[in-house]
Amino acid sequence: MEEAKTQDKAKTSDFKRYLIVSTVFLALGIIFGVFYREFSKAFGVVNVYTPLGLVHTHFLVLGVAFVLIIGLVSDKMGKGGSKLFKYAFITYIVGVTGAGLLMTARGVLDVLSQSEKLVYTVQDGANGAISGISGLFHAVLGTGMVLIFVSWFLNEKKVSPKETNEE
């Protein structure tokens with residue numbers, strides 16, 4: 001009877017981690033959405049495509065919705081505790097965060113360069129560096145996604161807290 005209660009608490013705390021991560025991304029999504037609107041208005045670049053407008057959606061879909069889906073599927077399959085899954089999830093989170101931040105940098109520079117209030121040009125080297133690093137973070141994000149799915153398909157045992165303390 002006590003084992004069942006302990007397992008239920010462990011499942012709740014496991015899923016609570018996904019809720020916390022999703023909540024952080026929800027806050028980031030809202031903050032970057034407001035930033036996009038106000039920053040674009042301040043520089044007179046409204047109704048113009050820039051990557052800055054995509055950051056809001058990027059964090060909400062990949063950071064909130066997909067993390068909750070990952071949590072639900074992992075919880076249902078009982079695969080959330082494997083070592084591969086833990087590394088894959090961290091990789092995914094780093095990819096989403098890094099890609100979002102670099103998209104923000106790219107979008108801010110685009111808004112500044114399209115503004116009539118400020119004459120600003122982005123040098124080719126900086127332009128390429130931002131795009132390249134953002135691309136690398138998107139690759140990290142994709143790698144994390146693939147590894148999450150691979151960890152779901154593998155029959156790896158869930159790591160118990162006792163096993164991780166002994167190592």
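Report follows, based on the coordinates. Nothing here was measured: the structure is a model prediction, and the numbers come from that model.

A rise of 1.5 Å per residue sets the reference length of helix α2 (residues 52–77), with its 26 residues, at 38 Å; its end C-alpha atoms lie 36 Å apart and thus fit the reference within 8%. Maximum bend of α2: about 30°, positioned at Phe66.

Note that Ser115 resides in the loop between α3 (83–114) and α4 (124–153). Assessed through its relative accessible area of 8%, Ser115 is described here as buried. Expressed as a C-alpha distance, the spacing of Ser115 and Gly44, which sit 71 residues apart in the sequence, is 6.1 Å. Residue contacts for Ser115: discarding those within four places in its chain leaves Phe43 and Val45. Among the polar contacts made by the side chain of Ser115, one reaches the main-chain carbonyl oxygen of Phe43 at a distance of 2.9 Å.

The next point concerns a nonpolar patch on the surface. Where nonpolar side chains cluster on the molecular surface, the patch consists of Leu26, Ile30 and Val34 and spans about 240 Å² of accessible area. Within the secondary structure, Leu26 is located in helix α1 (residues 2–42).

In this section: the nonpolar core. Tyr18, Ile70, Phe85, Phe89, Tyr92, Val96 and Ile148 are the most contacted members of the largest nonpolar core, which has 21 residues in total. Only α1, α2, α3 and α4 provide two or more residues apiece to this core. For Phe85, the residues in contact, after removing those within four places along its chain, are Tyr18, Ile70, Ser74, Lys79, Gly80, Ile148, Ser151 and Trp152. Phe39, Val45, Leu52 and Leu112 belong to the second-largest nonpolar core, a separate cluster that totals five residues.

How each quantity is defined
Residues numbered from 1 in each chain as written. Predicted model: local features only at pLDDT ≥ 70, side-chain atom pairs only at ≥ 80, totals over all residues. Heavy atoms only, no water. Helix = DSSP H or I, 4+ residues; strand = E, 2+ residues; numbered from the N terminus. Expected span 1.5 Å × (residues − 1). Bend = angle between axes of the 7 residues up to and from the residue. Buried < 20%, exposed > 50% of the residue type's maximum accessible area, 1.4 Å probe, protein only. Contact = heavy atoms within 4.5 Å. Polar contact = N/O pair within 3.5 Å; in protein donor to acceptor, adjacent residues only side chain to side chain. Patch = residues over 30% accessible without salt bridge, like charges linked within 9 Å, V, L, I, M, F, W, Y side chains within 5 Å. Areas by Shrake-Rupley, 256 points an atom, 1.4 Å probe, with all protein chains shown as cover. Salt bridge = Lys/Arg side-chain N within 4 Å of Asp/Glu carboxyl O. Core = buried A, V, L, I, M, F, W, Y, C linked by side-chain atoms within 4.5 Å.

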